[in-house]
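Read off the chains here:
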Amino acid sequence: MRNILKQNATLRRAIYWARMLRASSQSNEGSIIEGLASQAPKTFVEFGFHPVEFNCLPLVRADGWQGVLIDGNADQVEDATRLLPKNVTALQRFITLDNIDFVRDLFPRLGILSIDVDGNDYWFLERLIETRPTVICVEYNSSFGLEPVTIPYHSDFDRHKYHARGWYHGASITALASLCAKHGYGLAAVSSGGMNAIFTTTGDLDPGKEWKANSFRERHSGIAHDQQWASLRDMPLIRV
């Protein structure tokens, strides 16, 4: 079925259009962001997205919002361009630290920054956090538990090349919280599925208490998070 949808853009977009009636984010990220963004500039930038399932989707049709979606997948960018309203721009870019700085100039003030690239998430946030978004939503890797670690930066990173199950990527919730704290942000929420951490300048939650295991990963692999960490602990990691 996946191959059929890949080859048949018309069918794929018809299915996506139907899904848009009920789709939002992976769990409850969208509703969390929407609630925290009430006083934010009405702009968002999101890295890593599915045309009808991304964190800022609830804002797409909210009054006055403008957004930019960025992904390396040409089909997903084209589908988003066809399906989403004109206040959202989809760009095909494989982001690296060498080309990411254009994001700083997309909006005079950034309301929401969402990063979910299954790879260099920590390093991209470190580069862009000085844009001072009102809300930061970034995927954390629950397989790292509470260890304050991130993968080293790789410009051409592909998680499936490094780990058979694709669990070696990104950063832990404590690593991301430490980075955000250096810039005046605190943890405001964690998504119910144990995938995304949301930070604001008024967030004051304890990452150690709010951490959740990635429910999708545990359910589909049948492997508990502590065993996931056991398969990763000897791989190259940077403590932050």
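Every value quoted in this text rests on a predicted model; they were computed, and no experiment measured them.

## Focus on the overall build of the protein
Logical step 1: Helix and strand content of the protein: 11 helices and nine strands.
Logical step 2: When each of the 240 residues of the protein is scored for burial, the buried share is 52%.
Logical step 3: Accessible area for the protein stands at about 11400 Å²; split by element, carbon and sulfur atoms hold 48% of it.

## Points about the packing of aromatic side chains
We describe a pair of aromatic rings using the distance from one ring centre to the other and the angle between the two ring planes.
Logical step 1: For the structure shown, the criterion picks out seven aromatic pairs.
Logical step 2: With 6.1 Å between their ring centres and 85 degrees between their planes, F144 and W229 make a pair best called edge-to-face. One end of the pair, F144, is in the loop between β5 (135-139) and β6 (149-150); the other, W229, is in helix α11 (residues 225-230), with 85 residues separating them in the sequence.
Logical step 3: On the numbers, 5.0 Å between centres and 15 degrees between planes, the contact of F157 with Y162 is stacked.
Logical step 4: Under the relative-accessibility criterion, F157 is labelled buried at 9%.
Logical step 5: Grouped by ring-pair contacts, the aromatic residues F157, Y162 and Y168 constitute a single cluster.
Logical step 6: In this structure, R93 is placed above the aromatic ring of F102, and the distance from its NZ or CZ to the ring centre is 4.4 Å.

## Structural notes on the environment of G64
Logical step 1: Following the sequence through the fold, G64 ends up in the loop between α4 (57-60) and β2 (66-71).
Logical step 2: Sequence separation between G64 and P41 is 23 residues; the distance between their C-alpha atoms is 9.7 Å.

## Considering the sheet that holds strand β1 (residues 43-47)
Logical step 1: One open sheet holds the seven strands; their spatial order is β3-β2-β1-β4-β5-β8-β7, and the pairing between them is mixed. Both edges of this open sheet fall to β3 (88-92) and β7 (186-190), since each of them pairs with a single strand only. In this sheet, adjacent strand axes meet at a mean angle of 15 degrees when their direction is disregarded.
Logical step 2: The pairing of β2 with β3 spans five bridges and is parallel. Looking across to β3, one finds that V68 is bridged to T89.
Logical step 3: Each of β4 (112-115), β5, β7 and β8 (196-200) is contacted by helix α3 (residues 29-36), which is oriented at about 5 degrees to β8, the strand it contacts most.
Logical step 4: Where helix α5 (residues 74-83) meets the sheet, it contacts β2 and β3, and its direction lies at approximately 165 degrees from that of β3.

## A word on α3
Logical step 1: Buried residues of α3: E29, G30, I32 and I33, and no others. Each buried residue of α3 lies within a common arc of 165 degrees when the element is viewed along its axis, so the set occupies one face.
Logical step 2: Where α3 is buried, its residues contact α4, β4, β5, β7 and β8.

## Description of unusual backbone geometry
Logical step 1: Residues other than glycine seldom take positive phi values, yet D118 does so here, at roughly 55 degrees.
Logical step 2: Structurally, D118 is set in the loop between β4 and α6 (121-128).
Logical step 3: Here the phi dihedral of R132 falls at roughly 60 degrees; this positive angle occurs in a residue that is not glycine.
Logical step 4: Take R132: it is sitting in the loop between α6 and β5.
Logical step 5: Among the residues examined, R132 registers a relative accessible area of 40% and is labelled partly exposed.

## Overview of the nonpolar core
Logical step 1: V45, F47, L125 and F199 are the most contacted members of the largest nonpolar core, which has 36 residues in total.
Logical step 2: Secondary structure elements with two or more residues in this core: β1, β2, β4, α6, β5, α8 (173-181), β7 and β8.
Logical step 3: Per element, the largest residue contribution to this core is six residues, and it comes from α8.
Logical step 4: For V45, the contacting residues outside a window of four places in its chain are V68, I70, V103, L106, F107, L110, I112, L113 and S114.
Logical step 5: Within the second largest apolar cluster, 23 residues are counted, among which are V60, A90, V135 and I198.

About the cut-offs
- Each chain carries its own residue numbering, running from 1 in the direction its sequence is written.
- Predicted model: local features are reported for residues with pLDDT of at least 70 only, side-chain atom pairs are reported and counted for 80 or more only, and whole-chain, interface and lining totals are derived from all residues.
- Here the side-chain values reflect all heavy atoms present in the structure, with hydrogen atoms and water set aside.
- Going along the chain from the N terminus, every DSSP run of H or I of four or more residues is numbered as a helix, and every run of E of two or more is numbered as a strand.
- Burial here depends on accessible area, computed with a 1.4 Å probe over protein chains only, as a share of the maximum for the residue type. Under 20% is buried, over 50% is exposed, and the range in between is partly exposed.
- All accessibility values rest on the Shrake-Rupley procedure with a 1.4 Å probe; residue burial counts only the protein chains present in the view.
- Note on aromatic contacts: the rings of Phe and Tyr and the six-membered ring of Trp form a pair at centre separations within 6.5 Å, being stacked when their planes are under 30 degrees apart, edge-to-face when over 60 apart, and tilted otherwise.
- Charge over a ring is defined by NZ of Lys or CZ of Arg lying within 6 Å of the ring centre and within 35 degrees of the ring normal.
- For two strands to be treated as a pair, DSSP must find at least two bridges joining them.
- All axes here are fitted lines through C-alpha atoms, helices being fitted over the stretch that makes contact, and every angle between N-to-C directions spans 0 to 180 degrees.
- Any pair of residues with heavy atoms lying within 4.5 Å of one another is described as a contacting pair.
- Picture the helix axis, draw a direction to every C-beta atom, and the arc is the one those directions span.
- Nonpolar core, defined: a set of buried Ala, Val, Leu, Ile, Met, Phe, Trp, Tyr and Cys residues in which side-chain atoms within 4.5 Å join the residues together.

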